[in-house]
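Residue strings, one per chain:
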Amino acid sequence: MKITDALLGGFFLCLGAVMFWQAAHFPSFGGQPYGAALLPSILAVGFMIAGVMLVLRDLRARRTAGGPLLALQADLKDGGAPALLAVIGNVAAHIWLTPRIGYLPVSIVALSVLFLTLRLRPWVAVVLAIGTTLACWWLFAGLLRVPLPRGFLDGVL
Amino acid sequence: MASFDIILQALQLVLDPQVLLTALLAGAFGMFVGAMPGLTATMAVALLVPLTFFMDPIPALAAIVSASGMAIFAGDIPGALLRIPGTPASAAYVEDSYRLTLQGRLNEALGTNLIVSCIGGLIGIGVLIVAAPMLAEFALRFTSYEYFWLATLGLSCAIFVSSGDPLKAGIALLIGLTLATVGLDPTTGVPRFTFGQQDLLAGIEFIPAMIGLFALAEVMRGVIRLHAKSTTVDMPPYNGPLFKGVGGIVRRHPKNIARGSLMGVLIGALPGAGADIAAWMSYAVSKRFSRTPQKYGTGHVEGLVDASAANNAAVGGSWIPALVFGIPGDSVTAIVIGVLYMKGMNPGPTVFIQNPQLIYAVFMIFIVTTLMMVPLGWTAVKAAKQVLRVPPRVLLPIVMSLCIVGAFAMTNSVFGIIIMLAIGLLGWLMEENGFPVAPIILGLVLGPMFERMFMTSMIKSNGDLLAFFERPIAAGLGICVLLIWGLSILGAVRGRRAARDH
């Protein structure tokens, strides 16, 4: 997704201002003029200066070239957007559902959906999703003892 | 110079079958990732780190060294076969190697790539072995002022060396440094930018962030591209011995190998510049001094020799500032520094005194894995036909799964996945809009050191900025930083004026 530098510059300018305001509220260290706020304040000023420079540079270029403020790239328009959303949705599903339902079912279902979105044949998608999930489980939960959530399969595993 | 006893101890650490097996497996993994177009050497390392978390320091480092070196060579394979560089480090000479393939000289191109990469890698390690302990001895006298300037130099190079747009690189660096300030402040213990979240008190976990930036963002880009173009590729036929005629090429170009390797080490050692910049620059220098510059880009081996020596030599070079000062030479060594801290081997000159056997073990691992590159590379070239047939629509979701479990493993909670997703989205959006992402990781890694040294120096000098220039080395480094900034700003102003006049 293409966002123009002018909009991004505005965003960084605001980010710098909010950071500066936040940093001003950090408690100071007794008797010491330099404390927790020093570096964040310097960084905030950096964001504000860089933001203004980005805006000015873009406005100057825009005077001659023009163009929209926000544009979707060709490949996002050509059907890339659902694939991107499927990846983001997949990771988000792991975040919200894994602690409740368990890693194995969430991963198998979410991966199958992603493979299907990428236009794999249904049976290939399901077989690959099960294979990948079991391989990850074996490597991380089995060999490396990572406590991947078991969810309702706790008693079975 | 290290005593015989230390070298023997290091040898024992390295010759452990577990270490060798880890290096071999990680090397094979690196070969696979490097050979897949779109997946980089940094990504190979990023995906490996969650596994190295559970290993002893030596096998962990062996895995990283092996995977990164192999991935950089393997990037040459799809470059020669399909004209798609497997990693950015192979992009400089992709035209030459592909044209050689079209002339029926594929084995010559890839055989030369492999042997010269190995020689370049060994020269890089040679320089690392000689230079690092000497620099470390020198660095023992450094105080917070010198370290502050070194960190600043590293951060400045990240802006001016690595990107076409210094302003955007600067913003990326500010983002990295800001992310590094999240959590408890190191000097006063005040929580900063935690928004009441318990999980953020310990700061942004470096490894999930890096997996997000280098692996998840790449998966996002990959799935979008899937729809944009056809993914089936035609591969030229190739058979016969890989190394036929390579000996002659190596014998005819000793100067190119030496020049490429030395440039590779030097550029690799520069903070912020890695194997890809080394390859581009040595290719350009090679062309400039060649008797037949017009042949470059038409299937000529000369530039290929220079650049493939340079990109592998850069791997050794980038470890010099990482081991001696704790300042990363490129994004892979930024990850290495994170791993070293995780393993209690805090990088810096003292590790050369306290744990010299570990440092010498790292040197030996470098030699072993570089030599291992020849048989592994041979296998990879022979297997490339099958490997390159794995369609991205199968590969990318598998990589995504590895990202998810890897990020989870770093925090043992979904918090790791949250960090990965947030920073992966940020990285994707930034790259879409022309912001480089490597400075974010440099800022995140160097941030805590930069702030600690800055605050210590400020408190020591009671806020007197001139104290930063009072010690001779600090003054030298400080002037270097100011010169880099001054010249870059001057260059930008002149460039703008020239553009306006034009």
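Residues numbered from 1 in each chain as written. Chains lettered and ligands numbered in written order. Predicted model: local features only at pLDDT ≥ 70, side-chain atom pairs only at ≥ 80, totals over all residues. Heavy atoms only, no water.

Q: Honestly, the UniProt feature "transmembrane region" (unreviewed entry) in chain A in this entry has me stumped. Any pointers?
A: All names here are of chain A. Residues annotated in UniProt with the feature "transmembrane region" (unreviewed entry) correspond here to residues 7-24, 36-56, 101-118 and 124-144. End C-alpha to end C-alpha, residues 36-56 measures 32 Å, and it is 90% helix and 0% strand. Across residues 101-118, helical content stands at 89% and strand content at 0%; the span's end C-alpha atoms are separated by 25 Å. (UniProt positions renumbered as here; feature names shortened; annotations may be inferred. Helix = DSSP H or I, 4+ residues; strand = E, 2+ residues; numbered from the N terminus.)

Q: Just checking my understanding: could you explain the packing of aromatic side chains for this structure?
A: Residues and elements named next belong to chain B. With the rule as written, the count across this model stands at 21 aromatic pairs over all chains. Taking 5.5 Å as the distance between ring centres and 25° as the angle between the ring planes, the aromatic pair formed by Phe 148 and Phe 450 counts as stacked. Taken together, the positions of Phe 148 in helix 8 (residues 144-160) and Phe 450 in helix 20 (residues 438-460) put the pair 302 residues apart, joining distant regions of the chain. Given a relative accessible area of 8%, Phe 148 falls into the buried group. Using a relative accessible area of 11% as the deciding quantity, one classes Phe 450 as buried. Residues Trp 149 and Phe 469 carry aromatic rings whose centres are separated by 5.2 Å and whose planes lie at 50° to one another, so their mutual orientation is tilted. With Trp 149 in helix 8 and Phe 469 in the loop between helix 20 and helix 21 (472-501), this residue pair connects regions lying 320 residues apart in the sequence. Residue classification places Trp 149 among the buried residues on the basis of a relative accessible area of 7%. Here the basic side chain of Arg 288 rests over the ring of Phe 289, its NZ or CZ set 5.4 Å away from the ring centre. (Phe/Tyr/Trp six-rings, centres within 6.5 Å; stacked < 30°, edge-to-face > 60°. Buried < 20%, exposed > 50% of the residue type's maximum accessible area, 1.4 Å probe, protein only. Lys NZ or Arg CZ within 6 Å of the ring centre and 35° of its normal.)

Q: Would you mind showing me how to read the interface of chain A and chain B here?
A: Often the size quoted for an interface is simply the accessible area lost on bringing the parts together. Contact residues are listed per partner, giving 61 residues for chain A and 61 residues for chain B. Where chain A abuts chain B, roughly 5,500 Å² becomes buried across the two surfaces, and 80% of that area is made up of carbon and sulfur atoms. Per-residue buried area on chain A facing chain B is highest for Tyr34(A), Leu39(A) and Leu118(A); these three make up 11% of the total on that side. In this assembly, chain A and chain B are joined by 2 salt bridges. Across the pair Arg57(A) and Asp165(B) runs a salt bridge whose closest N-O atoms are separated by 2.8 Å. Taken together, the connections running from chain A to chain B amount to 5 residue pairs in polar contact (both at pLDDT 80 or more). Counting only elements with at least two residues in the side of chain A that touches chain B, the list comes to strand 1 (2-3), helix 1 (5-24), helix 2 (38-65), helix 3 (74-101), helix 4 (103-117) and helix 5 (122-143) of chain A. (Contact = heavy atoms within 4.5 Å. Buried area = accessible area lost by both parts, 1.4 Å probe. Salt bridge = Lys/Arg side-chain N within 4 Å of Asp/Glu carboxyl O. Polar contact = N/O pair within 3.5 Å; in protein donor to acceptor, adjacent residues only side chain to side chain.)

Q: Whenever I open this one, the pattern of salt bridges confuses me. Can you help?
A: Tallied over the full model, the rule gives 11 salt bridges over all chains. We note a salt bridge from Arg99(B) to Glu95(B), for which the minimum N-O separation is 3.3 Å. With a gap of 4 residues between them, Arg99(B) and Glu95(B) both fall in helix 6 (residues 94-102), about one helical turn apart. Using a relative accessible area of 35% as the deciding quantity, one classes Arg99(B) as partly exposed. For Glu95(B), a relative accessible area of 23% gives the class partly exposed. Connected via shared salt-bridge partners are Asp5(A), Arg57(A), Asp165(B) and Lys168(B).

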